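# Per-entry structural report
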Amino acid sequence: MLPQGRRVVLGRAVGAHGLRGEVRVRYFGDGPDNLMRASEIWLGQDEQDLEARGFSIEGVGTGRAGEVRVSLEGIKDRDAATALRGLLVLGDSDYLEPLAEGEFYWHQLVGCRVETRQGRVIGIVQEIWETGAHDVLVVESPEGRRHLISTAREIVPEIDPDAGRIV
């Protein structure tokens, strides 16, 4: 069954743990909480993967630094877990913790129109790079040029994901 909300990437399957089919997942974001809250996940190539396989989660626990170990219904041995390596772990956006005012998840910004204060369209956010200090929006113009724009408040004073607009 497909998730009710929008699929978001929670992590990536990076290998097997033990002999009973646990999957090692490198989680994305500040911590494992969003992934550990999930009751079911999908494994696929990207968020729009129509052939992503859905799994009920039977158990989840901490693993190596930056990872969690997940037991999935139907994955019962090391070979089956290893076969999932490299796939993205997708979850329903409803699994995500609410953020503080003025904070946004990356999936809320991808696809937003970026424009100047005067209303000139720069392009559409295609992806976001984490750089340490401030994330960087990768914006593609209508002509196909890519622009890198820092998310520092001085540069990007207005973000309205509900309207699909970034100034």
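### Thoughts on the pairing of strand β6 (residues 88–92)
On a regular strand, each side chain points to the face opposite its neighbour's, so the side chains alternate between the two faces of the sheet. The buried count for β6 comes to five of five residues, which makes it a mostly enclosed element. Looking at chain direction, strand β1 (residues 7–17) and β6 are connected through five bridges and run antiparallel. Of the residues in β6, the one forming a bridge with R7 is D92. Looking at chain direction, strand β3 (residues 40–44) and β6 are connected through three bridges and run antiparallel. What sits directly across from L43, in β6, is V89.

### Observations concerning the nonpolar core
Core analysis: the biggest nonpolar cluster contains 23 residues, and V23, V25, L35, I41, L43, L72 and L84 have the highest contact counts within it. Taken together, the elements giving at least two residues each to this core come down to β1, β2 (22–27), β3, β4 (53–62) and β5 (67–72). Of the residues forming this core, the biggest block, four residues, is contributed by β1. Core analysis: the second largest hydrophobic core is formed by 12 residues, C112, L137, I149 and V156 among them.

### Focus on the pattern of salt bridges
Tallied over the full model, the rule gives eight salt bridges. The residue R26 makes a salt bridge to E67 at a minimum N-O spacing of 3.6 Å. Here R26, found in strand β2, pairs with E67, found in strand β5; they are 41 residues apart in sequence, far enough to count as distant. E67 gets classed as buried once you look at its relative accessible area, which sits at 6%.

### Considering the sheet that holds strand β8 (residues 121–129)
Taking strand neighbours across the sheet as the criterion, the six strands line up as β10-β9-β8-β7-β12-β11 in an open arrangement whose pairing is mixed. With one partner strand each, in any of the chains shown, β10 (146–150) and β11 (159–160) form the two edges of the open sheet. Bridging between strand β9 (residues 136–140) and β10 involves five bridges; their strand directions are antiparallel. Paired with V139 across the strands is H147, a residue of β10.

### Considering the side chain of N34
Along the chain, the position of N34 falls in helix α1 (residues 33–37). A distance of 2.6 Å separates the side chain of N34 from the side chain of R37, its partner in a polar contact. Not counting chain neighbours up to four residues away, the residues in contact with N34 comprise L10, Y95, L96, E97 and Y105.

### Some details on the confidence of the model for the protein
Looking at the protein, pLDDT values average 87 and 97% of them are 70 or higher. The lowest-confidence element of the protein is helix α3 (residues 106–109), averaging 80 in pLDDT; the highest-confidence one is helix α2 (residues 78–82), averaging 96.

### Concerning the sheet that holds β5
Taken together, six strands build a closed barrel; the order of strands is β1-β2-β5-β4-β3-β6 and the barrel is antiparallel. Each strand of the sheet is rotated relative to its neighbour by a mean of 50 degrees, with strand direction disregarded. One ladder, built from four bridges, connects β2 with β5; its direction is antiparallel. Residue pairing in the sheet places R26 in a bridge with E67 of β5.

### Some remarks on the environment of Q45
Along the chain, Q45 falls in the loop between β3 and β4. On the basis of relative accessibility, which here comes to 56%, the residue Q45 falls in the exposed class. Taking the C-alpha atoms as reference, Q45 lies 9.9 Å from R12; in sequence the two are 33 residues apart.

### Quick word on the environment of V136
Tracing the backbone through its elements, the reader meets V136 in strand β9. A sequence separation of 16 residues divides V136 from A152, and the C-alpha atoms of the two residues are 8.7 Å apart. What V136 contacts, discounting residues up to four positions off in sequence, is E127, I128, W129, T131, L148, I149 and S150.

Conventions used here
Residues numbered from 1 in each chain as written. Predicted model: local features only at pLDDT ≥ 70, side-chain atom pairs only at ≥ 80, totals over all residues. Heavy atoms only, no water. Buried < 20%, exposed > 50% of the residue type's maximum accessible area, 1.4 Å probe, protein only. Helix = DSSP H or I, 4+ residues; strand = E, 2+ residues; numbered from the N terminus. Pairing = 2+ DSSP bridges. Core = buried A, V, L, I, M, F, W, Y, C linked by side-chain atoms within 4.5 Å. Salt bridge = Lys/Arg side-chain N within 4 Å of Asp/Glu carboxyl O. Polar contact = N/O pair within 3.5 Å; in protein donor to acceptor, adjacent residues only side chain to side chain. Contact = heavy atoms within 4.5 Å. pLDDT = per-residue confidence, 0-100. Axes fitted to C-alpha atoms, helices over the stretch in contact; angles between N-to-C directions.

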